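Summary of the model geometry
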Amino acid sequence: MERRSFLKGFGAAAACAIALPHVASAAEEKKSGGPNEMNFETAVAAITGGKALTPSAKVKMEAPEIAENGAVVPVKVTVDSPMSAKEYVKAIHILASKNGNVRCANIYLTPANGEAYFGTRIKLGGTQDVVAIAEMSDGTFLSAKQNVKVTIGGCG
Amino acid sequence: MKTLIKIKPKDYKAGDIVKIDFMAMHPMETGMRKNKDTGALIPAEYIDEVKFMFNDTLITKMVIWESLSVNPLMSISFKVPGAGTLKVIAKDNKGQSVETTSAINPKG
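Conventions used here
Residues numbered from 1 in each chain as written. Chains lettered and ligands numbered in written order. Predicted model: local features only at pLDDT ≥ 70, side-chain atom pairs only at ≥ 80, totals over all residues. Heavy atoms only, no water. Pairing = 2+ DSSP bridges. Helix = DSSP H or I, 4+ residues; strand = E, 2+ residues; numbered from the N terminus. Contact = heavy atoms within 4.5 Å. Buried area = accessible area lost by both parts, 1.4 Å probe. Salt bridge = Lys/Arg side-chain N within 4 Å of Asp/Glu carboxyl O. Polar contact = N/O pair within 3.5 Å; in protein donor to acceptor, adjacent residues only side chain to side chain. Nonpolar A, V, L, I, M, F, W, Y, C, P; charged D, E, K, R; others polar. Buried < 20%, exposed > 50% of the residue type's maximum accessible area, 1.4 Å probe, protein only.

1. Notes on the pairing of strand S4 (residues 57-64) of chain B
- In this structure, strand S6 (residues 103-108) of chain A lies alongside S4 of chain B, joined through four bridges in antiparallel fashion. Pairing of Ile 107 of chain A across the sheet is with Met 62 of chain B, part of S4 of chain B.
- Counting the residues that bridge the hairpin from strand S3 (residues 47-54) of chain B to S4 of chain B gives two residues, and of these Asn 55 of chain B lies at a positive phi of roughly 45°.

Below, the structure written as structure tokens:
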């Protein structure tokens, strides 16, 4: 009997832990000095608000196929789109699908950019897909991804 | 925080699309690394926001996370409307903020 009640109690506690995941807003998360963590699905949902991602050849990503040093991986993203007041790329988001915090950079563009382009260097903890999401002015989300093989991880 | 703005190419006319490279000397600590001697976690310290302004109008706003490399580089395109001042404001998660300006002088 004792064992049974223990199991029951344990089961209930485990259910609670699953039912109440800690959801920190970006703002409160940034205040803490500790590591930020977010998995890929949550990060994508936060960007798209649940809308579907459409893989598109309009989003061009330049990243190395093999990075010897994961601490410095160059990534360039260009989106083939007009940059007029009516039709433009609102934002480019870069995600590293398997880093502890998958978010790298969210770039909010304006028609003044003339061209939807963002270039940077990122850290990758290991071999993984780097994903670029372009948020278009018509509310759609286009994406591109590239697998980068990392010889030495860049997060240690 | 030392910073640098580079505009490529050097010579451009009004209406040209140029690349603006912004670099900042910053450790970009993730908060996941441990001090090798004490084993204590090194607190996160990274640039979290960068704004590019031209004559005080926002061109591009960036929300940055710790996954960017040490001494991060951020590069964008900019269609030069005419002469003016480019200002880049970078801020880190510890509240440190720096403003860097560069003159935009189109030739012809």
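Here the narrative resumes, following the displayed structure.
2. Thoughts on the interface of chain A and chain B
- Contact residues are listed per partner, giving 34 residues for chain A and 33 residues for chain B.
- When the two sides are added together, the surface that chain A and chain B hide from each other amounts to roughly 2900 Å², 50% of it contributed by carbon and sulfur.
- Applying the counting criterion to the chain A and chain B interface returns one salt bridge.
- The partner of Lys 19 of chain B in a salt bridge is Glu 115 of chain A, and the shortest N-O contact between them spans 3.3 Å.
- The interface formed by chain A and chain B contains 27 residue pairs in polar contact (both at pLDDT 80 or more).
- Classifying every residue of the side of chain A that touches chain B by side-chain character gives 15 nonpolar, 13 polar and six charged.

3. Quick look at the pairing of strand S4 (residues 73-79) of chain A
Residue and element names in this part refer to chain A.
- Side chains Val 73, Val 75, Val 77 and Val 79 of S4 all project onto a buried face; the interleaved residues Pro 74, Lys 76 and Thr 78 project onto a face where none is buried.
- Here strand S2 (residues 59-62) runs beside S4; their pairing, made up of four bridges, is antiparallel. Counted as the bridge partner of Lys 60 is Thr 78 from S4.

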